[in-house]
Structures are given as structure tokens and as C-alpha cells.
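Geometric and topological summary
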Amino acid sequence: MYHKISILVIEDEKSICDFISRTLELNDYKVMTANTGKDGLAIITSQLPDLVLLDLGLPDMDGMDIIRQTREWSSMPIIVISARTQEKEKVNALDVGADDYITKPFGTSELMARIRTAMRHSNKIGSNNQLITKEYRAKDLRVDFDKRRITLDGNEVHLTRVEYKIVSILAQNSGRVITYDALINEIWGPYAGDNNRILRVNMANIRRKLEKNPAEPEYIFTELGVGYRMLEDEG
Ligand code: CA
């Protein structure tokens, strides 16, 4: 039997809720909707959707609380929809357990890409870096995780140990945002202190080696004030 992937949309703005629902249905997803946080939580626990799209600004409760309450018992992917541009809020949502976010206004292809990525990561065994993927491929870039080798247009790219680690973490999580703090913790450990500057220096060097034009990156994008997002794997 064929089961459609079910997605719950928790969003109080009717026009946005309708737009998302239509888009998802056209793309063969099963859609459930809730206009309040209370209804959303009830559907999460009773219907167990495969993925949740969650607006943070709801009339009856803070979206953050929905993430927290859901994370107490479930790892279902949660993508936050936010009109607010405050980086702090995006970081907070990721910190309390959201998988990713999408900022209004967004287009159909961006929404679909975020959902695909979140579903892909949720299907992986062991959430941390235990990969099943052996290679990252996008445009002219290849990262061979077994051989720890990076090539661009067939030519080997020479990275330092730390640079390689940064790229491999981003490539293993391609398509989703990784916060500065998460990267720093992963590389230098929880006692790294303020390594933001070192991370930025490393990223500048990585871009010099990987990007045709480091000012307009094709592979690793900066999500201002939040972190980095690497171009989604094509394989
Ligand atoms: Ca709202």
C-alpha cells in the first residue's frame, strides 16, 4: 500500500496556510492544517504527521513551546516558518530542536527543497555524522568522505584539517542550515569559547579555494547571523 507523506501546517494566516496547502497537495503530500497552537499540538499527538511546518507567531501560544513539547517525545522533522527576520529567533528555534526554518515570503521550490532535505535527514540512522553517503556531489564539487578528498572540476582541492572538517560537516548536512555554534562545538568541542572569528577566517580560506567568486558563493551560503548552508547534494 502506498502512503503519502503527511505534513501538518500550523499557521494562523489564512492566505499563507492556503498557499502552502495547495502547493503541498499538488506535490502529492497529504496535508493537515491547524490555525492555533492548541489544535496543532492535538494533531501532532493524535495523527503523528511525518513533518510539521510551524509558524512561530500564533495567536494562542508561542511556537517555541510547540517545538519544546514535541521534542520531549518525538524527533519528527519540524520546519519553522517565520516572517520575523530576527536571527536570534531562528537560532533559538534551532536550539530548542527545530530542524530548519524558512523565511516568509518564500517560493514553491524553496519550500519543496526544505521539506525534501528534512525528510532525507530524518530517514538517516543515527542523527549525528554517521553517514550512509560516501560522496557529496553538487555541480563541479565532489567530497569523498572515505578518502577525505575534495575535488573541484576534477582537480583536487587542498584544504587544511580544520577546513576539511568544516566542509565535510556542511556537506553531510547539505541543504540545511548549521549554526555557527553547532559547527564550533563539533570542531573545537564545547569548551571552545568564542571561536567565531577563527571560523570566519577558515570560511574565507575555504571559499577562496572552492568558489569561483568568494563574494558570491555557489556552494556554501551564509545565513546571516545564524550559520552556513551548503548547496544540496544532487546524489
Ligand atoms: Ca502568524
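Before going into details, it helps to say that this report is about the structure given with it. In this numbering scheme, every chain counts its residues from 1 along its sequence in written order. Owing to the predicted nature of the model, reporting of local features is limited to residues with pLDDT of at least 70; listing and counting of side-chain atom pairs is limited to 80 or more, with chain, interface and lining totals taken over all residues. The side-chain quantities take in all heavy atoms of the structure and omit both hydrogens and water.

**Considering the coordination of the calcium ion**
In this listing, donors mean N, O and S atoms no farther than 2.8 Å from the metal, or 3.2 Å for Na, K and Ca; water is missing from the atoms, so a site can look incomplete. For the calcium ion, the full set of protein donor atoms is Asp 12 (OD), Asp 55 (OD) and Gly 57 (O), and the range of their distances to it is 2.2 to 2.4 Å. For the calcium ion, all donor residues lie on one chain, and their spacing in sequence is D-x42-D-x1-G. Of the two residues, Asp 12 sits in the loop between strand 1 (6-10) and helix 1 (14-26) while Asp 55 sits in strand 3 (residues 51-55), which places them 43 residues apart along the sequence. Under the scheme applied here, a residue whose accessible area is under 20% of the maximum for its type counts as buried, over 50% as exposed, and between as partly exposed, the area being computed with a 1.4 Å probe on protein chains only. Since its relative accessible area comes to 4%, Asp 55 is described here as buried. A run of H or I in DSSP counts as a helix once it spans at least four residues, and a run of E counts as a strand once it spans at least two, with each numbered from the N terminus.

**Brief notes about the sheet that holds strand 2 (residues 30-34)**
Strand order in the open sheet formed by five strands is 2-1-3-4-5, with parallel pairing between adjacent strands. On the outer flanks of this sheet lie strand 2 and strand 5 (100-103), each paired with one strand and no other. In this sheet, neighbouring strand axes are inclined to one another by 20° on average, regardless of whether the strands run parallel or antiparallel. Bridge analysis of strand 1 against strand 2 gives five bridges, and the strand direction is parallel. Should DSSP find at least two bridges between two strands, the strands are taken to pair. Each axis is a line fitted through C-alpha atoms, taken for helices only over the stretch in contact, and angles between the N-to-C directions span 0 to 180 degrees.

**What about the nonpolar core?**
Within the largest apolar cluster, 29 residues are counted, with the highest numbers of intra-cluster contacts made by Ile 150, Val 167, Leu 170, Leu 183 and Ile 220. If you list the elements that add at least two residues to this core, you get strand 6 (135-138), strand 7 (141-144), strand 8 (149-152), helix 6 (161-172), helix 7 (180-188), helix 8 (196-210) and strand 12 (227-230). In terms of residue count, the dominant contributor to this core is helix 6 (six residues). In this description, contact between two residues means that some pair of their heavy atoms is separated by no more than 4.5 Å. Contact partners of Leu 170, with chain neighbours within four places excluded, come to Ile 178, Leu 183, Met 203, Ile 220, Tyr 228 and Met 230. In terms of nonpolar packing, the next biggest core, distinct from the first, is built from 25 residues, Ile 10, Leu 41, Leu 58 and Leu 94 among them. We call a set of buried Ala, Val, Leu, Ile, Met, Phe, Trp, Tyr and Cys residues a nonpolar core when their side-chain atoms join them within 4.5 Å.

**Digging into helix 4 (residues 87-95)**
Since the α-helix advances by 3.6 residues per turn, residues separated by three or four positions end up pointing in the same direction. Three or more residues of helix 4 are buried, namely Glu 89, Lys 90, Val 91, Ala 93 and Leu 94. Residues of helix 4 that are buried sit in contact with helix 3 (63-71), strand 4 (78-82), strand 5 and strand 10 (177-179). Once helix 4 finishes, Gly 97 follows within two positions and takes phi at roughly 125°, a positive value.

**Thoughts on the pattern of salt bridges**
We define a salt bridge as a contact between a side-chain nitrogen of Lys or Arg and a carboxyl oxygen of Asp or Glu at a distance within 4 Å. Considering all chains together, one arrives at 17 salt bridges under this definition. Its salt-bridge partner being Arg 116, residue Glu 232 comes within 4.0 Å of it at the nearest N-O pair. Pair noted here: Glu 232 is in the segment after strand 12 and Arg 116 is in helix 5 (residues 108-122), with a separation of 116 residues, a long-range link. Judged by relative accessible area, which is 21%, Glu 232 ranks as partly exposed. Linking Arg 149 and Glu 156 is a salt bridge whose minimum nitrogen-to-oxygen distance equals 3.3 Å. Among the residues examined, Arg 149 registers a relative accessible area of 36% and is labelled partly exposed. Connected via shared salt-bridge partners are Asp 100, Glu 110, Arg 114, Glu 223 and Arg 229.

**Description of the packing of helix 1 against helix 5**
Between helix 1 and helix 5, the shortest axis-to-axis distance is 11 Å and the interhelical angle comes to 65°. As summarised for this structure, helix 1 and helix 5 are arranged roughly perpendicular, according to the angle between their axes. Where helix 1 crosses over helix 5, the two elements pack in a sense that is right-handed. Contact residues: Phe 19, Ile 20, Thr 23 and Leu 24 in helix 1; Thr 108, Leu 111, Met 112 and Ile 115 in helix 5. For this classification, Asp, Glu, Lys and Arg are treated as charged, while Ala, Val, Leu, Ile, Met, Phe, Trp, Tyr, Cys and Pro are nonpolar and the rest, including Gly, are polar. Its residues assigned to classes, the contact of helix 1 with helix 5 shows six nonpolar, two polar and no charged. Should an angle lie under 35 degrees it is considered roughly parallel, over 145 roughly antiparallel, and from 65 to 115 roughly perpendicular; all remaining angles are considered oblique. Two helices that cross are described as forming a left-handed crossing if the nearer one is turned anticlockwise from the farther one by less than a right angle, and a right-handed crossing if clockwise.

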